[in-house]
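Structural overview for review
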Amino acid sequence: MTTLSKGSLFDPELVTDLIDKVKGKSSLAVLSQQKPIPFNGQKEFVFTMDSEIDIVAENGKKSHGGVSLTPIKMVPIKVEYGARISDEFIYASEEEQINIIKSFNDGYAKKLARGLDLMAFHGVNPRTGLASTVIGDNHFDKAISQTVKFSQTDPDANIEAAVSLIQGEEGTVNGLAADPQFSAALAGMRTGGDTNIRLFPELAWGANPGSINGLKADINSTISASSADVAILGDFSNMFQWGFAKEIPLEVIRYGDPDNSGNDLKGYNQVYLRSETFLGWGILDGSNFARIIKPTGGGQ
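The structure contained in this document is the topic of the report that follows.

When helices and strands are tallied, the protein chain shows eight helices and 14 strands. Relative to its full complement of 300 residues, the protein chain shows a buried share of 44%. Long-range contacts, defined here as pairs at least 24 residues apart, represent 75% of the contacts in the protein chain between residues at least 6 apart.

Right, dumping it as structure tokens:
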């Protein structure tokens, strides 16, 4: 089957489907911009105007306002996922092969979505949970220095404090990524007194409503994975970008031990499906974000 030979590509329809699924399952993809990234990376330039605009009288002299230019390099990182399946795949009809590939595509999209969050939020290798030297400091836990300590009893005040930090840097808040623990704390807040109604009824029963108090939001366990973070908020729309290099290869490997498991494929009547993706991101200005974190020692 030449369409599924070693080194072939996901067809454009499956690539589009893959990206759409990632956009629905990653907090970063939900809250921020996605754009294609070339294999060799690209630079995004952040201009900072140092002064305000100046009134110039008729025949008056113009003065220098000043500008700072900071280049942010976004270099794609190669990630891969592979799985062994029965070699009946080789002998199945073309229609059945396509169904198997679609199922693999669905699962791969979930892993890519979670992996994007784990890498860009926390700088870890998703498979090992350990800090990645490939990622280095290009992640929120390292790049975002503004923090607020999490209060289980008043998480609303935590958000207000984080917003104040960002606005103090003349930043904008247009998105919130929150861990289920933080969402549950918000959902548990009530007015007290005789009415004692919920302050955030849209979050009751573990809901993920898409917005809280008009702020775009996503609830995801990736926020706290490998980290003290329980919420991150800031200007996701303008100050964070991510993207794929658009060609996504798919290998159908029939021979050998491609996952170093010690089991030969032919000896176990298996084939190996592997896909690789080049995925990149960039935090354009860390001062436009704040992290709400658990206090040292995990206390409340």
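Still to come is the rest of the account.
What follows concerns the packing of helix α6 (residues 155-168) against helix α7 (residues 180-187). Taken N-terminus to C-terminus, the directions of α6 and α7 make an angle of 115 degrees; their axes are 8 Å apart at the nearest point. With respect to their mutual orientation, α6 and α7 come out roughly perpendicular. In this structure, α6 contributes Pro-155, Asp-156, Asn-158 and Ile-159 to the contact, and α7 contributes Phe-182, Ala-185 and Leu-186.

The next point concerns the layout of surface pockets. Considering only enclosed or pocket space, the largest pocket measures out at about 470 Å³ in volume. Taken together, 21 residues make up the lining of the largest pocket; nearest its centre are Val-79, Glu-80, Asn-125, Pro-126 and Arg-127. When contributions to the lining of the largest pocket are tallied by element, the ones reaching two or more residues are β5 (77-86) and α4 (94-122). When grouped by side-chain class, the residues that make up the lining of the largest pocket number 13 nonpolar, three polar and five charged.

Let us look at the side chain of Asn-105. Structurally, the position occupied by Asn-105 is in helix α4. Other than its neighbours up to four places away in sequence, Asn-105 contacts Phe-10, Leu-14, Asp-17 and Leu-18.

Quick look at the pattern of salt bridges now. Applying the stated criterion to the full structure yields nine salt bridges. Among the ionic pairs, Arg-84 bridges to Asp-259, the shortest N-O distance being 2.8 Å. Of this pair, Arg-84 sits in strand β5 while Asp-259 sits in the loop between β12 (249-253) and β13 (270-283), and the two are 175 residues apart along the sequence. Overall, Arg-84 belongs to the partly exposed group, its relative accessible area being 22%. A salt bridge links Arg-274 to Glu-251; the nearest nitrogen and oxygen atoms lie 3.7 Å apart. Of the two residues, Arg-274 sits in strand β13 while Glu-251 sits in strand β12, which places them 23 residues apart along the sequence. You can call Glu-251 buried: its relative accessible area is 17%. Counted as one network, the salt bridges with shared partners bring together Glu-80, Arg-127, Glu-251 and Arg-274.

Bringing the sheet that holds strand β9 (residues 215-219) into the picture now. Taken together, six strands build an open sheet; the order of strands is β6-β14-β10-β7-β9-β8 and the sheet is mixed. The open sheet has two edge strands, β6 (147-149) and β8 (211-212), and neither has a second partner. Here three bridges tie β6 to strand β14 (residues 289-293), and the two strands are oriented parallel to one another. What sits directly across from Val-148, in β14, is Ile-292. Contacts from α7 reach β7 (175-178), β9, β10 (229-234) and β14, with the element oriented near 80 degrees to β10.

Counting through the fold element by element, Phe-182 comes out in helix α7. A relative accessible area of 0% means that Phe-182 is categorised as buried. With 48 residues separating them in the primary sequence, Phe-182 and Val-230 have C-alpha atoms 5.9 Å apart. When residues no more than four places from it in sequence are discounted, the contact partners of Phe-182 are Phe-150, Pro-155, Asn-158, Ile-159, Val-230, Ala-231 and Ile-292.

Between helix α1 (residues 12-25) and α4, the shortest axis-to-axis distance is 8 Å and the interhelical angle comes to 35 degrees. For the pair α1 and α4, the crossing hand works out as right-handed. Together, Leu-14, Asp-17, Leu-18, Lys-21, Val-22 and Lys-25 of α1 and Ile-101, Lys-102, Asn-105, Asp-106, Tyr-108, Ala-109, Lys-110, Leu-112 and Ala-113 of α4 make up the contact between the two elements. In terms of residue class, the contact of α1 with α4 is built from eight nonpolar, one polar and six charged.

Calculation criteria
Residues numbered from 1 in each chain as written. Predicted model: local features only at pLDDT ≥ 70, side-chain atom pairs only at ≥ 80, totals over all residues. Heavy atoms only, no water. Helix = DSSP H or I, 4+ residues; strand = E, 2+ residues; numbered from the N terminus. Buried < 20%, exposed > 50% of the residue type's maximum accessible area, 1.4 Å probe, protein only. Contact = heavy atoms within 4.5 Å. Axes fitted to C-alpha atoms, helices over the stretch in contact; angles between N-to-C directions. Parallel < 35°, antiparallel > 145°, perpendicular 65-115°, else oblique. 1 Å grid on protein atoms, 1.4 Å probe; cavity = no way out; pocket = protein on both sides within 12 Å on 5 of 7 lines; lining within 4 Å. Points joined across faces, edges and corners; volume = space filled by probe spheres on them. Nonpolar A, V, L, I, M, F, W, Y, C, P; charged D, E, K, R; others polar. Salt bridge = Lys/Arg side-chain N within 4 Å of Asp/Glu carboxyl O. Pairing = 2+ DSSP bridges. Left-handed = near helix turned anticlockwise from the far one by under 90°.

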